[in-house]
Amino acid sequence: MEVLLENCKQVLAENRSASGDYTRPAPGPYPHQWLWDSCFTAIGLAHYDVERAKTEITSLFRGQWANGMLPNMIFDGSVEYATDRRIWDSRRSPNAPEDVATSGITQPPMLAEAIVRVGDQMDEDDRLRWYKQTYPALLAYHSWLYTERDPRSEGLVFLIHPYESGLDNSPPWVNQLHMNHSPFLIKAFDNPVGRFIIESRRRDTKHISPGERIDDIDALLYHWVIWRLRSKNWDIRHIEARSHFMVQDLTFNSILIRANHHLAKIAKDIGHEIPEWLADRARLGRRAITEKLWDPESQQFYSRNYISADLIKSPSLATLMPLYAGVGNQQQTERIIHLLKSPDYFGTENPVPSVPVSYPEYHELKYWQGPVWINTNWLIIDGLRRAKQHELAGKISVATLDLVKTNGVSEYYSARTGQPAGARNFSWTAALIIDLLADTKK
Ligand code: GLC
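Our subject in this report is the structure included herewith. (Residues numbered from 1 in each chain as written. Predicted model: local features only at pLDDT ≥ 70, side-chain atom pairs only at ≥ 80, totals over all residues. Heavy atoms only, no water.)

Evaluation of the coordinates by the stated rule reveals 24 salt bridges. A salt bridge links R195 to D190, with the shortest nitrogen-to-oxygen separation between them at 3.1 Å. The salt bridge partner of E411 is R213, with a shortest N-O separation of 3.1 Å. Residue E411 is located in strand β8 (residues 410-413), and its partner R213 is located in the loop between α10 (204-207) and α11 (216-231); the two are separated by 198 residues in the primary sequence. The residues E411 and R213 share a single accessibility class, namely buried. Each member of the salt-bridge network shares a partner with another, and the members are E113, R117, D382 and R386. (Salt bridge = Lys/Arg side-chain N within 4 Å of Asp/Glu carboxyl O. Helix = DSSP H or I, 4+ residues; strand = E, 2+ residues; numbered from the N terminus. Buried < 20%, exposed > 50% of the residue type's maximum accessible area, 1.4 Å probe, protein only.)

Shown next, in the form of structure tokens:
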């Protein structure tokens, strides 16, 4: 395992940005700073370089909008990425920062977890200083999430683009995308010439086999949603009035519930109290997940369409995420554990597939439609430990370490064979393996 540890550190050294302030997710397809990637990366870095871990997080604040939003991407400023910056054109919004170009949407709120994990590696004085330094940005972010994305005060926030979920093309999101598609666009591009045009504009498929990425037409529709949002200058009041693409995403809301817990702890430790309305919303959210996102018939959790209030009953590993949130009654938790152990669902040779293997939506190597990802394994392991399911947590942790040790530090892997797929030398894989390795030494 020493070799594995050294490999992971090497990946994080090589993926460090030229400025040294953040870590790129991978060389090639991912040249910018991504929000939840940096949070996962900081968790690993903190084990051997606390200063770099702190910088990884504070450099995310460069991109924070005046309304508190943390964007999923802060763009590299070099000439070669001018097109990426233009596609999003964040400066159309008066809330966007002036000195850096960002996206106009967010990503799962792993920030509070990362702040706490980095703080765990410090002595008490340093930790309190760290908490005081990061608390205002974190509080502003959580406040923004509930103010803009939970206007009905339900405790569940909605997302406006699949990228915000972090699980870009998972079946529930593809389902919603196709329900709200533009038939004209699909007709114009779903042919060899149209696909060629899309293909020529994609960076990811120049580095990675197209069979391991989002389908071309789906990729086009993702851009179509960006165009629509950009045309509203990223202003949620206009987006909400017009858009029918709003989803109360299960993974995102589960992560937010856990993040609320960390936010409250950080506030308490530095002698603050989070605003009462925010604490209320967090309480509501815990109940809302178990009551509104649970389907008694299939005995599973799902995301929900914000407009119609219908559950989106497409299979994905999101159904396991309430475990990470630490919510669910005994029956719901037992069901999640059953799904995790069942070979027809998530109990594969290499756990945990992003889509249950017995479903037609499962594709062995296609991005978030089947492969194993190390960040979601990490969330599941953490949730299992807090649910006192130590045996299963240990099993998945050992399997995850073996998977990466045998197949290299990749973006994702086949749940059946362990075959690596996607980008190689992937930062959050490296960082979270470092964290899991540290756990085995405890
Ligand atoms: C992809 C993933 C997303 C990740 C990003 C950078 O878009 O779906 O979760 O943050 O790549 O690694």
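Our next topic: the sheet that holds strand β3 (residues 247-248). The three strands are arranged β3-β6-β7 in an open sheet whose pairing can be described as antiparallel. Edge positions in the sheet fall to β3 and β7 (311-312), since each has one partner strand and no second. Sheet analysis places strand β6 (residues 303-305) next to β7, joined by two bridges and oriented antiparallel. Following the sheet pairing, S303 is matched in β7 by I312. (Pairing = 2+ DSSP bridges.)

Together, V193, F196 and I197 give the surface a local cluster of nonpolar side chains, amounting to about 320 Å² of exposed area. Residue position: V193 is located in helix α9 (residues 192-201). (Patch = residues over 30% accessible without salt bridge, like charges linked within 9 Å, V, L, I, M, F, W, Y side chains within 5 Å. Areas by Shrake-Rupley, 256 points an atom, 1.4 Å probe, with all protein chains shown as cover.)

As a further point, take the environment of L220. Its location among the elements puts L220 in helix α11. In sequence terms L220 and I198 are 22 residues apart; their C-alpha atoms lie 7.0 Å from each other.

Okay, the site of the ligand next. In the region of the ligand, the neighbouring residues are P25, Y30, W34, W36, D37, Q107, G166, D168, Y367, W368, F426 and W428. Measuring from an oxygen atom of the ligand, one finds a side-chain N or O atom of W36 at 3.0 Å. Within the side chain of D37, one N or O atom sits 2.5 Å away from an oxygen atom of the ligand. Protein chains shield 95% of the accessible area of the ligand, which is 310 Å² for the free molecule. Residues of the shell around the ligand, tallied by class, amount to eight nonpolar, two polar and two charged. (Near = heavy atom within 4 Å. Polar contact = N/O pair within 3.5 Å; in protein donor to acceptor, adjacent residues only side chain to side chain. Nonpolar A, V, L, I, M, F, W, Y, C, P; charged D, E, K, R; others polar.)

What follows deals with the pairing of β8. One ladder, built from three bridges, connects β8 with strand β9 (residues 420-424); its direction is antiparallel. Paired with S410 across the two strands is R424, which belongs to β9.

A separate point is the packing of aromatic side chains. What the rule picks out here adds up to 21 aromatic pairs. Each ring, one from Y30 and one from W34, has its centre 5.3 Å from the other, and the planes form 85°; the classification is edge-to-face. Of the two residues examined, Y30 and W34, each falls in the buried class. On the numbers, 5.3 Å between centres and 55° between planes, the contact of W36 with F40 is tilted. Placement of both W36 and F40 in helix α2 (residues 35-45) is noted, with a separation of four residues, approximately one turn of the helix. The pair W36 / F40 is uniform in exposure class, with both members buried. Through a chain of ring-to-ring contacts, three or more aromatic side chains come together here, namely Y30, W34, W36, F40, Y367, W368, W373, W378, Y412, F426 and W428. Geometry around Y306 places R152 over its ring, the cationic atom sitting 3.9 Å from the centre. The ring of W224 has R228 lying over it, and the distance from NZ or CZ to the ring centre is 4.6 Å. (Phe/Tyr/Trp six-rings, centres within 6.5 Å; stacked < 30°, edge-to-face > 60°. Lys NZ or Arg CZ within 6 Å of the ring centre and 35° of its normal.)

Once that is clear, we can look at unusual backbone geometry. For the peptide bond that leads from P351 to V352, omega is 0°, which places it in the cis range. Relative to the helices and strands, V352 resides in the loop between α16 (330-341) and α17 (374-386). Despite not being glycine, D89 shows a phi value in the positive range, around 45°. If you trace the backbone, D89 turns up in the loop between α4 (82-88) and α5 (111-119). Judged by relative accessible area, which is 30%, D89 ranks as partly exposed. Although it is not a glycine, A309 sits at a positive phi angle of roughly 65°. Looking at the secondary structure, you find A309 in the loop between β6 and β7.

Functional significance is not addressed by these values, which are geometric in nature.
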